[in-house]
Amino acid sequence: MSRQIDLMFHVTSPASLNILVGLCGAAQRNGCRWAMFLTNDAVTLASEPRIQSVLQSAMSVVVCESSWERFAPKQVCPIEMGSQTSNSEMIGFARHVVSL
């Protein structure tokens, strides 16, 4: 499998939920290879049912572990946790980055 990512979503705000769901759905419908990194208080979106429904088509979805510990310390993270190093690696493989 190629590690090349067509589109990388770097998500920092839960206020971007509606836009993010739409963009992920569009990427899925178009067969785009996409990934997502959630950081800051946007990590709370990892448990959002509307996000969970589109994650199946993602190449990779990672939550910032440090942010998770800050904003959702008592919850079990439903997706992979990583660091800002993970974020940098994902961006390095991305052709395009959308920051929300």
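Below is a summary of the structure that appears in this document.

Cut-offs used in this document
- Residues numbered from 1 in each chain as written.
- Predicted model: local features only at pLDDT ≥ 70, side-chain atom pairs only at ≥ 80, totals over all residues.
- Heavy atoms only, no water.
- Buried < 20%, exposed > 50% of the residue type's maximum accessible area, 1.4 Å probe, protein only.
- Helix = DSSP H or I, 4+ residues; strand = E, 2+ residues; numbered from the N terminus.
- Arc of directions from axis to C-beta.
- Contact = heavy atoms within 4.5 Å.
- Pairing = 2+ DSSP bridges.
- Salt bridge = Lys/Arg side-chain N within 4 Å of Asp/Glu carboxyl O.
- Core = buried A, V, L, I, M, F, W, Y, C linked by side-chain atoms within 4.5 Å.

## Looking at helix 4 (residues 84–93)
- Taken residue by residue, helix 4 has Ser86, Asn87 and Met90 as its buried positions. Summarising the axial view, the buried residues of helix 4 lie within an arc of 100°, below the 170-degree limit, and thus occupy one face. Turned more than 90 degrees away from the buried face of helix 4 sit Thr85 and Gly92, all of them exposed.
- Lining the buried residues of helix 4 we find strand 1 (5–11), strand 2 (34–38), strand 3 (60–64), strand 4 (80–82) and strand 5 (94–99).

## Notes on unusual backbone geometry
- A positive phi angle, near 55°, is found at Asn40, a position not held by glycine.
- Note on placement: Asn40 falls in the loop between strand 2 and helix 2 (49–52).
- By relative accessible area, Asn40 is classed as partly exposed at 33%.

## Observations regarding the pairing of strand 1
- Of all 7 residues making up strand 1, 7 are buried, and the element is well covered by its neighbours.
- Here strand 1 pairs with strand 5 via 5 bridges, running parallel. Within strand 5, the residue paired with Met8 across the bridge is Val97.
- Bridge analysis of strand 1 against strand 2 gives 5 bridges, and the strand direction is parallel. Residue pairing for strand 2: Val11 is matched across the bridge by Leu38.

## Notes on the pattern of salt bridges
- Per the counting criterion, the structure on display carries 2 salt bridges.
- For Arg33, the salt bridge identified is with Asp6, shortest N-O distance 3.0 Å. Of the two residues, Arg33 sits in the loop between helix 1 (17–29) and strand 2 while Asp6 sits in strand 1, which places them 27 residues apart along the sequence.
- Given the relative accessible area of 13%, Asp6 is considered buried.
- Each of the salt bridges in this network shares a partner with another, and the network as a whole consists of Asp6, Arg33 and Arg95.

## Quick look at the nonpolar core
- In terms of nonpolar packing, the biggest core is built from 26 residues, with Leu20, Trp34, Met36 and Leu38 touching the most fellow members.
- At the level of secondary structure, the elements contributing two or more residues to this core comprise strand 1, helix 1, strand 2 and strand 3.
- Ignoring any residue separated from it by four or fewer positions in sequence, one finds Leu20 in contact with Phe9, Val11, Met36, Leu45, Ile51 and Leu100.
- Judged by nonpolar contacts, the second largest core, of 8 residues, contains Ile5, Ala35, Val62 and Cys64.

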